[in-house]
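Coordinates in review
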Amino acid sequence: MSSQFLVLHHLPVPNTKANTKTTTTTAPLYQRVFIPNHAYCHPSAILLQFCTSTKVLLQILPLFIKNGSYNEDLFQTKLVTLFCKYGSISEAARVFEHVEHKLDVLYHTMLKGYAKNSTFGHALSFYHRMKCDEVRSVVSDYTCLLQLCGENLDLERGREIHGQLIINGYESNLFSMTAVVNLYAKCRKIDDAYKVFERMPQKDLVSWTTLVAGYAQNGLAKRALNLLLQMQEAGQKPDSVTLVSILPAVADIKALRIGRSIHGYAFRSGFESLVNVSNVLLDMYLKCGSVRTARLVFKRMSSKSVVSWNTMIDGYAQNVESEEAFATFLKMLDEGEEPTHATMMGALLACANLGDLKRGSFVHKLLDQLKLDFDVSVMNSLISMYSKCKRVDIAASIFYNLKEKTNVTWNAMILGYAQNGCVNEALNLFCMMQSQDIKSDCFTLVSVITALADLSVSRQAKWIHGLAVRTFMDKNVFVSTALVDMYAKCGAIQTARKLFDMMQERNVITWNAMIDGYGTNGLGKEALDLFNDMEKEAVKPDDISFLSVVSACSHSGFVEEGLYYFKSMKEDYGLEPALDHYSAMIDLLGRAGRLDDAWSFIQEMPIKPGISVLGAMLGACKIHKNVELGEKVADKLFELDPDEGGYHVLLANMYASASMWEKVARVRTAMEKKGLQKTPGCSLVELRNEVHTFYSGSTNHPQSKRIYAFLETLGDEIKAAGYVPDTNSIHDVEEDVKEQLLSSHSERLAIAFGLLNTSPGTTIHVRKNLRVCDDCHDATKYISLVRGREIIVRDLRRFHHFKNGSCSCGDYW
């Protein structure tokens with residue numbers, strides 16, 4: 001019976017995971033299968049050609065059994081091929097075992113079936129069976145197994161298969177060696193990948209692209225780009241797969257100019273019309289901060305996949321264009337595109353950035369409706385969203401009801417507590433994590449350090465620093481940066497600088513933390529010097545860098561320097577100032593008494609002044625007792641936020657400073673009608689690993705009687721040294737009552753407690769939730785003098801280091 005070649009297969013290298021689309025394709029591999037002509041004339045064989053799924057195959061299988069064709073080897077071979085094609089490896093295996101005369105090609109088909117639709121272990125077991133059955137392996141078997149080893153990062157078995165290739169004479173085979181290059185690249189042995197590539201006698205576009213992708217995926221963007229140039233010099237023109245491989249590397253190093261050049265090539269070559277190429281172009285532009293260009297690419301796309309929408313939503317959110325991100329999310333829903341987990345995570349990030357609880361709750365409900373709330377990554381995003389929307393109680397409820405928790409889940413909840421000032425809850429959760437033997441990572445530690453930085457307790461700071469050293473995480477750049485920030489926020493600025501200098505790796509966030517630390521501790525000159533060092537070391541400042549340096553100028557009265565850096569931000573670095581930058585500038589000019597300049601600055605702002613800008617202006621009017629301008633500012637403030645009690649209090653204090661008591665009473669009456677209350681002054685002080693809290697005028701502390709008695713004695717001592725109480729802001733009470741009210745401010749109670757319960761020479765650390773008042777600032781200077789103690793007070797805005805009768809702020813705060 002005659003035979004002829006009937007089947008010509010174009011076989012891709014399969015993915016190792018079931019039901020996962022393969023993303024890496026090799027060059028064509030050809031196999032010739034001997035099948036008699038008469039086999040395909042049988043009616044049952046013709047019927048097989050119309051099968052499109054396992055379900056259909058199983059429905060017609062009884063027909064094969066009834067007419068006896070099921071027992072014919074060729075029909076069984078065809079069945080195995082179809083079952084493998086449709087992902088039913090268990091059905092394929094059953095048929096395979098019934099084949100009496102198994103051809104080698106049937107083994108090769110089964111191996112590819114296991115590789116595509118089963119586990120790595122099952123595929124390897126079947127390969128060993130092939131060896132036992134003395135089936136000679138072909139190139140496609142090796143490429144298939146190498147792909148599996150790469151996907152599973154099994155370098156040891158991959159090397160063994162590489163050895164088998166060499167033994168069997170395939171060392172010069174283009175397809176097999178490309179698969180070896182791919183294996184080493186995926187196993188992060190990129191130098192080994194390059195050595196194999198270099199020894200290849202011939203190289204095609206696929207082999208070049210494989211190595212380019214390997215460099216890109218291993219974070220070696222510059223080497224990937226250099227290889228791309230070599231590839232073109234060798235006469236190989238990049239195709240769409242090459243572009244999809246190289247553009248993520250361009251995004252990683254934010255090489256916008258190169259990205260635009262590649263985009264131009266894609267446009268000229270016609271690849272821009274491909275959805276996958278447009279998607280990576282979107283991602284590249286967004287990661288390079290070129291949101292406008294990404295928007296244009298997105299609008300020009302004739303067809304968009306869900307990846308296109310997800311890329312834009314997440315890209316907008318990452319570039320602080322969260323309104324645009326949420327609008328794109330809604331448009332995606334309107335156009336009938338079904339959201340994925342990535343979609344919902346991008347939308348939740350946008351809501352978190354906006355602090356918009358209403359929209360965040362809408363996304364939460366949609367998650368429930370679409371049954372996407374089972375994914376732990378989505379739930380992590382939900383926890384972060386509620387935390388940033390100040391509903392840490394809802395975030396905690398989600399956390400504790402989650403059956404599956406990852407490290408990211410724990411980290412998100414600890415950070416959520418930290419961001420909402422729930423320091424004890426953050427620490428308790430960290431301890432629970434350790435008690436349950438859940439391994440913490442660098443991000444866990446950063447979250448805990450963030451919580452402790454807010455507490456400003458030096459003993460706790462040393463404890464977490466010690467833990468970082470013991471767990472060998474102190475060398476991580478994120479952990480080290482968080483430690484620098486924490487020590488700076490504890491007032492230990494010298495320790496922060498020592499850690500900064502010891503760091504082997506620093507990023508822009510590290511520099512920002514140290515510059516901001518100097519600024520808040522009143523060391524403006526040091527902040528400016530460090531900013532200049534940053535520029536000399538070619539670290540490109542970002543918007544936070546300029547906010548930190550302008551704020552440092554504001555705290556130290558460096559007006560001209562602050563104006564220079566604000567101008568440099570846009571002219572030298574192309575960064576657009578945000579509301580926070582304008583607030584810092586108003587604070588800078590206002591504190592210096594240049595109120596007219598500050599008001600003109602507000603009038604000329606290219607964006608509408610927000611609450612923070614007007615609040616800074618009102619604060620300056622209060623300091624310099626400019627009631628007329630202050631009233632104008634207050635009117636605008638109350639239009640924006642009529643229910644913010646803090647600004648009503650600030651206005652009342654401004655009137656009190658000018659002895660305008662009728663207007664003080666009017667503001668207070670208005671507050672009462674609206675139900676607005678002044679935020680009570682609160683100060684914290686640590687003693688023997690325990691934090692003590694004091695409120696202004698409170699008497700509920702166990703040592704209250706002793707504290708108040710000590711304050712009377714202390715008051716006499718500082719008066720003898722020259723202190724004069726500033727009672728001008730208090731009205732309608734006797735002078736001695738005024739002094740009593742002043743001496744019962746929360747920071748005075750905390751300082752007195754610290755002096756009573758610590759030995760001479762010990763530094764007192766106090767944290768206050770509001771700005772230190774003028775009288776307490778003056779009194780604390782005298783206390784540091786008469787008691788010979790250093791007292792460090794961190795208020796709402798900055799640090800005050802009191803020592804020998806003077807303050808580090810130079811009375812400028």
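Quick note: structure is the one above.
Residues numbered from 1 in each chain as written. Predicted model: local features only at pLDDT ≥ 70, side-chain atom pairs only at ≥ 80, totals over all residues. Heavy atoms only, no water.

Glancing now at the packing of aromatic side chains. This model, assessed by the stated rule, comprises 25 aromatic pairs. An aromatic cluster of three or more residues is present, and its members are Phe 531, Phe 546, Tyr 564, Tyr 565 and Tyr 573. Here the basic side chain of Lys 304 rests over the ring of Phe 298, its NZ or CZ set 4.9 Å away from the ring centre. (Phe/Tyr/Trp six-rings, centres within 6.5 Å; stacked < 30°, edge-to-face > 60°. Lys NZ or Arg CZ within 6 Å of the ring centre and 35° of its normal.)

Further remarks concern the packing of helix H23 (residues 407-419) against helix H24 (residues 423-435). Contact geometry of H23 with H24 gives a least axis separation of 8 Å together with a crossing angle of 160°. Overall, the two elements H23 and H24 adopt an arrangement that is roughly antiparallel. The crossing of H23 and H24 is left-handed. On H24, the residues touching Asn 407, Trp 410, Asn 411, Met 413, Ile 414, Tyr 417 and Ala 418 of H23 are Glu 425, Ala 426, Leu 429, Phe 430, Met 432 and Met 433. Looking at the contact of H23 with H24 residue by residue, the class counts come to ten nonpolar, two polar and one charged. (Axes fitted to C-alpha atoms, helices over the stretch in contact; angles between N-to-C directions. Helix = DSSP H or I, 4+ residues; strand = E, 2+ residues; numbered from the N terminus. Parallel < 35°, antiparallel > 145°, perpendicular 65-115°, else oblique. Left-handed = near helix turned anticlockwise from the far one by under 90°. Contact = heavy atoms within 4.5 Å. Nonpolar A, V, L, I, M, F, W, Y, C, P; charged D, E, K, R; others polar.)

Let's shift gears to helix H4 (residues 89-98). Every buried residue belonging to H4 is among Ile 89, Ala 92, Ala 93, Val 95 and Phe 96, and all of these are buried. The buried residues of H4 occupy an angular sector of 165° when the element is viewed end-on, so they sit on one face. (Buried < 20%, exposed > 50% of the residue type's maximum accessible area, 1.4 Å probe, protein only. Arc of directions from axis to C-beta.)

Next up on the list: the nonpolar core. Grouped together as the largest cluster of nonpolar side chains are 213 residues, with contacts concentrated most on Met 110, Met 486 and Met 617. If one sorts the elements of this core by residue count, helix H25 (residues 442-455) sits on top with nine residues. Among residues more than four places away in sequence, those in contact with Met 110 are Val 80, Cys 84, Ile 89, Ala 92, Ala 93, Phe 96 and Phe 126. Leu 687, Ala 752, Leu 755 and Cys 807 belong to the second largest nonpolar core, which has 27 residues in total. (Core = buried A, V, L, I, M, F, W, Y, C linked by side-chain atoms within 4.5 Å.)

On to the pattern of salt bridges. As enumerated under the stated definition, the model contains 26 salt bridges in all. Across the pair Asp 587 and Arg 797 runs a salt bridge, and its minimum N-O distance is 3.3 Å. You can see Asp 587 sitting in helix H33 (residues 579-591) and its partner Arg 797 sitting in the loop between strand S6 (791-794) and strand S7 (799-803), a full 210 residues away along the chain. The buried category is assigned to Asp 587, whose relative accessible area is 9%. (Salt bridge = Lys/Arg side-chain N within 4 Å of Asp/Glu carboxyl O.)

Pairing in this open sheet of six strands is mixed, and the strands run S4-S3-S5-S6-S7-S8 from one edge to the other. Each of the sheet's edge strands pairs with one partner strand only, and the pair in question is strand S4 (690-695) and strand S8 (806-807). Taken together, the three bridges between strand S3 (residues 682-687) and strand S5 (residues 764-768) define a ladder with antiparallel strand orientation. Bridge assignment links Val 685 to a residue of S5, and that residue is Val 766. (Pairing = 2+ DSSP bridges.)

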